[in-house]
Amino acid sequence: MKLIIQIPCFNEENTLAETFKDLPDSIDGIDEIEYLIINDGSTDDTVNVANKLGINHVVCFKQNKGLAAGFMAGIDACLRLGADIIVNTDADNQYYGEDIKEIVKPIIEGHYDIVIGSRPIDDTEHFSKNKKLFQHLGSWVVRKASNTDISDAPSGFRAYSRKAAMQLNVMNEYTYTLETIIQAGRNKIAITSTPIRTNPETRKSRLFKSTQTYVKRSAVTIIRSYMMYSPLRFFCLIGSIFFTVGLIVAIRFIHLYSLGYGRGHIQSLILSSILLLLGFQTFFMGLQADLTAANRKLLEDIQYRVRKMDYASDKKDLNDEDEK
């Protein structure tokens, strides 16, 4: 069994060596371990540092494309290199490298296809109170949206089986962490989380400039992902709000009309009609979106099968139990 540990990098010459030194070189149940970095348009000496460290593979972007694009480029490269398990970790040495043994264990044992490392958020000293609050709140929202029990949704320390990696799709340009959990949950991929440790902070996060920006962009990602994978439920929820408010206004108008005050409340009748119409239109939008989602699922199944043929290094990928 082959494990490839991938590390997205953007100007990480100062922390890459420490991160690499912390990674395991042997794991029970793993026959071969290789390392891969995704150089996301670095302008420093990251690539030369990687070569000196003896990192096996380097994927290079000429300019910075962002974490989501870098993550998917690494997944593609790992699959083409024949990885049976792919682990993603950060180049700032945030995560405790030895815990890779813990996050790959459920995959080696065949119980799960995706394992998310769950950080001790409340005990992490460099997290502010607001950040801890938003981390817990965001993870709770993702759990509801994905129908999973993942306790630390933003964690980038995670492991994927070959099968799960071939099913990944990331549509947003911001980050892969939230969308892939919602996708896995809604597509019934076996996913779990396991406690991990973290190292002291080496630098500030480059993913977002402020907590407000992070919350805003994460909220957009969650809503968009939920709309993609549960469109009928999403639009029916919105439509029911319009319909219910419109119905309440209509009942109020009927009550006033029965008391002889109808002429002074015609605007309520107009508002009610508009809200009821919006409710019906939103319901129909949900039905149309649900049909589109059904087509998307068919396309994802076709994509998965094409990827299996494209990435296959031997016959086991083309004749696994899912095809029987």
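Presented here is an overview of the structure given in this document.

Overview of the environment of G239
Part 1: Inspection of the secondary structure assignment puts G239 in helix α9 (residues 231-258).
Part 2: The sequence separation of G239 and I302 amounts to 63 residues, and the corresponding C-alpha distance is 32 Å.
Part 3: Beyond its immediate chain neighbours, meaning those up to four positions away, G239 contacts G279, T282 and F283.

Structural notes on the environment of T198
Part 1: Take T198: it is sitting in the loop between β7 (191-195) and α8 (211-229).
Part 2: Taking C-alpha positions, T198 is 20 Å from S26, a pair spaced 172 residues apart along the chain.
Part 3: Leaving out residues up to four positions away in the same chain, T198 has contacts with Q94, Y96, R119, P120 and T124.

A look at the pairing of strand β2 (residues 32-40)
Part 1: In terms of burial, β2 is largely enclosed, as 8 of its 9 residues are buried.
Part 2: Bridge count between strand β1 (residues 2-9) and β2: 8 bridges; the pairing is parallel. When the bridges of β2 are listed, C9 appears paired with N39.
Part 3: In this fold, the crossover linking β1 to β2 by way of helix α1 (residues 16-21) has right-handed handedness.
Part 4: Regarding topology, helix α2 (residues 46-53) serves as the crossover connection from β2 to the parallel strand β3 (residues 57-61), and that connection is right-handed.

A short note on helix α7 (residues 177-186)
Part 1: Across the 10 residues that make up α7, a large majority, 10, are buried.
Part 2: Of the positions making up α7, those classed as buried are T177, L178, E179, T180, I181, I182, Q183, A184, G185 and R186.
Part 3: Downstream of α7 by one or two residues, K188 has phi in the positive range, about 60°.

Remarks on a nonpolar patch on the surface
Part 1: Nonpolar side chains collect at one region of the surface, where F134, L137, W140 and V215 lie side by side and expose about 340 Å² of accessible area between them.
Part 2: For the nonpolar patch, the element with the highest residue contribution is helix α5 (residues 129-146), accounting for 3 residues.
Part 3: Relative to the assigned elements, W140 resides in helix α5.

Some thoughts on the sheet that holds β3
Part 1: On the basis of which strands lie adjacent, the open sheet formed by 7 strands has the order β3-β2-β1-β4-β6-β5-β7 and mixed pairing. Looking at the sheet topology across the chains shown, the edges are occupied by β3 and β7. For this sheet, the mean inter-axis angle between neighbouring strands, taken without regard to orientation, is 20°.
Part 2: Pairing geometry for strand β4 (residues 85-88) and strand β6 (residues 158-161), over 4 bridges, is antiparallel. The residue bridging I85 from the neighbouring strand is S161, located in β6.

Basis of the calculations
Residues numbered from 1 in each chain as written. Predicted model: local features only at pLDDT ≥ 70, side-chain atom pairs only at ≥ 80, totals over all residues. Heavy atoms only, no water. Helix = DSSP H or I, 4+ residues; strand = E, 2+ residues; numbered from the N terminus. Contact = heavy atoms within 4.5 Å. Buried < 20%, exposed > 50% of the residue type's maximum accessible area, 1.4 Å probe, protein only. Pairing = 2+ DSSP bridges. Right-handed = clockwise from strand over helix to strand, strands pointing away. Patch = residues over 30% accessible without salt bridge, like charges linked within 9 Å, V, L, I, M, F, W, Y side chains within 5 Å. Areas by Shrake-Rupley, 256 points an atom, 1.4 Å probe, with all protein chains shown as cover. Salt bridge = Lys/Arg side-chain N within 4 Å of Asp/Glu carboxyl O. Axes fitted to C-alpha atoms, helices over the stretch in contact; angles between N-to-C directions.

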